[in-house]
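Observations on chain architecture
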Amino acid sequence: MTDDMTGESGQGEFLGALSPERRAAVEAARATYVEAGGRVDEYTDAMMLRFCVGNRFDAKRTAAHVKKTVAWRRSSGADAFRASFLSGAKLLEQPGVGTMVEALSFSPCVGVTRGGDLLTYASVGRLVAPDTLCEKLSIDEYFRANLATLEFQCLALDRAATARADGTAPRVWYVVGVEGLKGSHLRPQLIKYFQRTAPVADLYYPELMSVSCILGAPAFLVRMWNMLRHLFARETQDKVIITKKGGEAPLGGSIAPEHLPACYGGQMVGMCPKHAKAIGLFDLDEIPEFITFKVAFTVYTR
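One structure accompanies this document, and this report is about it.

Thresholds applied
- Residues numbered from 1 in each chain as written.
- Predicted model: local features only at pLDDT ≥ 70, side-chain atom pairs only at ≥ 80, totals over all residues.
- Heavy atoms only, no water.
- 1 Å grid on protein atoms, 1.4 Å probe; cavity = no way out; pocket = protein on both sides within 12 Å on 5 of 7 lines; lining within 4 Å.
- Points joined across faces, edges and corners; volume = space filled by probe spheres on them.
- Helix = DSSP H or I, 4+ residues; strand = E, 2+ residues; numbered from the N terminus.
- Nonpolar A, V, L, I, M, F, W, Y, C, P; charged D, E, K, R; others polar.
- Pairing = 2+ DSSP bridges.
- Axes fitted to C-alpha atoms, helices over the stretch in contact; angles between N-to-C directions.
- Buried < 20%, exposed > 50% of the residue type's maximum accessible area, 1.4 Å probe, protein only.
- Parallel < 35°, antiparallel > 145°, perpendicular 65-115°, else oblique.
- Contact = heavy atoms within 4.5 Å.

1. A short note on empty space enclosed by the protein
Rolling a probe over the atoms, with the probe sized like a water molecule, indicates the empty space that remains. By the definition in use, this model includes one cavity of 30 Å³ or more. Considering each element in turn, the lining of the largest cavity owes the most residues, three residues, to helix α3 (residues 44–54). Of the residues assigned to the lining of the largest cavity, the class counts are six nonpolar, one polar and four charged.

Right under this line is the structure:
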């Protein structure tokens, strides 16, 4: 699999790599998508494969999910974000995204796993001023910033699947460091923000997440997860791996050293230029100090 998020389209090759049964399912899903008024682009077939896989190739379930999602994408503005990214817009140009990235040290699609999934890193434990995010972004602005990042990642997945053209649908591996997170960070307002955005991926972005590794979780966060996990589908809950504070990060077997930050035992000490370009770091006048994971991992070096 290529990790180039801006690779050339190969839609014909993508469909040709599918089995006859899977190709028929994707074409049927695409027809439903078009009939419902979905906005078609060169990566739509890859998107439809994710809907088919997520619904276990059940034609009725897939069609219902596609129709529901088309209506939501139109009303939520998701279609507009995808069109913007296809036209060359950068993630950090989107309103609110820079503030969210600053608060959460969030860096999407900066590498690949050994299995070909895209890697997204975050370091929530760096949220040293828990009120800052809520002060700078309203709950609606935070929702839209999250929506922009979801669209960015999903387009990256669809591009990767189309470029790879081997009949599979890559997903996102999330690695979230929470070292340093304290109970005081989890203010009621932040929890409201989380509750607003948490269900969206399950409802409208099938086959988005492969695994979510939560590293260095304090005891209170484990308790919090047990309280809030009902916000996610059962299949999503099963993909969450929580390593308690002081535990070993279970990453080396799945992520090659060159794609694993040094602070987690790997060799990655900087974001490669094409990933920095894809999210828009090259377009910033100054590289913000927050683009770090702990002190040991700087994701961008000029």
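2. Observations regarding the sheet that holds strand β4 (residues 209–217)
The strand order across the open sheet formed by five strands is β1-β2-β3-β4-β5, and the pairing between neighbours is mixed. A strand with exactly one partner marks an edge of an open sheet, and here the two such strands are β1 (107–112) and β5 (240–244). Looking at each pair of strands side by side, their axes are set apart by 20 degrees on average, direction ignored.

3. Brief notes about the pairing of β1
Counting buried positions over the six residues of β1 gives six, a clear majority of the element. Two elements, β1 and strand β2 (residues 118–123), share three bridges in a ladder whose sense is antiparallel. Its bridge partner lying in β2, Ser-107 is registered against Tyr-121. Here β1 folds back onto β2, and the loop between the two strands holds five residues, one of which, Gly-116, carries a positive phi near 95 degrees.

4. Section: the packing of helix α4 (residues 59–76) against helix α9 (residues 188–204)
In contact at an axis separation of 10 Å, α4 and α9 are set at 135 degrees when each is read in the N-to-C sense. With respect to each other, α4 and α9 are oriented oblique. For the pair formed by α4 and α9, the contact residues are His-65, Lys-68, Thr-69 and Trp-72 on the first element and Val-200, Leu-203 and Tyr-204 on the second. Considering only residue class, the contact of α4 with α9 consists of four nonpolar, two polar and one charged.

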